[in-house]
Amino acid sequence: MKVAIACDHAALELKNAVKKHLTDRGFEVVDFGINEPGSVDYPDYALPVAEAVAGGKADKGILICGTGIGMSICANKVKGIRCALCSDTFSARATREHNDANVLALGAGITGPNLAKRMVEIFLSTEFEGGRHARRVALVDSIQP
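Residues numbered from 1 in each chain as written. Predicted model: local features only at pLDDT ≥ 70, side-chain atom pairs only at ≥ 80, totals over all residues. Heavy atoms only, no water.

K.L.:
Give me the lowdown on helix H4 (residues 89-99), citing residues and values where you can.
P.N.:
Residues of H4 that are buried include every one of Ala92, Ala94, Thr95 and Arg96, and no others. Two or three places before Phe90, at the opening of H4, Asp88 has a side-chain oxygen 3.1 Å from that residue's backbone nitrogen. Among the residues trailing H4, Asp100 stands out with phi positive, at a value near 50°. (Buried < 20%, exposed > 50% of the residue type's maximum accessible area, 1.4 Å probe, protein only. Helix = DSSP H or I, 4+ residues; strand = E, 2+ residues; numbered from the N terminus. Polar contact = N/O pair within 3.5 Å; in protein donor to acceptor, adjacent residues only side chain to side chain.)

Put into structure tokens, the structure is as follows:
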């Protein structure tokens with residue numbers, strides 16, 4: 001599985017921990033930055049991840065900023081993206097099972113590295129249930145222009 005990842009200046013340390021965790025487990029990781037400390041604008045990093053997932057160049061995406069809010073808002077502007085901001089393992093599982101989320105947003109100021117790694121594992125290994133949820137996801141997708 002190919003995973004696109006990016007962060008802003010508030011989340012570089014957590015992004016690097018998650019990236020190492022993924023590569024150690026055999027995932028192919030495409031890192032869209034940042035890779036050096038310094039203030040940046042999160043949309044410049046969220047957008048390439050969302051476009052990579054929407055365009056089929058990555059299977060899933062992970063976005064990390066201070067709260068995860070800004071990254072998730074930006075990613076959800078891209079047609080075909082269902083980005084979920086999660087802060088617990090239940091939500092990370094449910095958003096895959098029920099919402100077929102394809103991008104996970106995390107807040108570095110909210111989620112520590114051990115929990116973040118576990119949430120990423122759950123998000124990437126959980127399958128979409130389909131059924132009644134497929135109808136609802138199609139309704140959500142139809143809202144986009």
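K.L.:
So what's going on with the state of the cysteines? Which residues, and what values?
P.N.:
Following the criterion strictly, the structure yields 0 disulfides and no others. Not engaged in a disulfide, the cysteine Cys7 finds its nearest cysteine sulfur in Cys65; these two sulfurs lie 9.4 Å apart. Overall, Cys7 belongs to the buried group, its relative accessible area being 0%. Take Cys65: its relative accessible area is 4%, and that puts it in the buried class. (Disulfide = S-S within 2.5 Å.)

K.L.:
Now, about the packing of aromatic side chains: what can you tell me, with residues and values included?
P.N.:
Here the structure, examined in full by the defined rule, presents 0 aromatic pairs. The ring of Phe123 carries the charged tip of Arg96 above its face, separated from the ring centre by 6.0 Å. (Phe/Tyr/Trp six-rings, centres within 6.5 Å; stacked < 30°, edge-to-face > 60°. Lys NZ or Arg CZ within 6 Å of the ring centre and 35° of its normal.)

K.L.:
Give a detailed account of the sheet that holds strand E3 (residues 60-65), specifying residues and quantitative values.
P.N.:
Across the sheet, 5 strands lie side by side as E2-E1-E3-E5-E4; this open sheet has parallel pairing. The open sheet has two edge strands with one neighbour each: strand E2 (28-31) and strand E4 (83-85). Each strand axis lies, on average, 20° off the axis of its neighbour in the sheet, ignoring direction. Sheet analysis places strand E1 (residues 2-7) next to E2, joined by 4 bridges and oriented parallel. The partner of Lys2 across the bridge, within E2, is Glu28. (Pairing = 2+ DSSP bridges. Axes fitted to C-alpha atoms, helices over the stretch in contact; angles between N-to-C directions.)

K.L.:
Can you tell me about the pattern of salt bridges, naming the residues and giving the values?
P.N.:
Evaluation of the coordinates by the stated rule reveals 9 salt bridges. Among the salt bridges present, the one from Asp31 reaches Lys19, with a minimum N-O distance of 3.0 Å. Pair noted here: Asp31 is in strand E2 and Lys19 is in helix H1 (residues 12-24), with a separation of 12 residues, a long-range link. The partner of Glu121 in a salt bridge is Arg118, with the nearest N and O atoms 3.3 Å apart. Taken together, the residues Glu121 and Arg118, both in helix H5 (residues 113-125) and 3 residues apart, mark about one turn of the helix. Note on Arg118: relative accessible area 42%, which makes it partly exposed. Through salt bridges with shared partners, a single ionic network connects Arg82, Arg96, Asp100 and Asp141. (Salt bridge = Lys/Arg side-chain N within 4 Å of Asp/Glu carboxyl O.)

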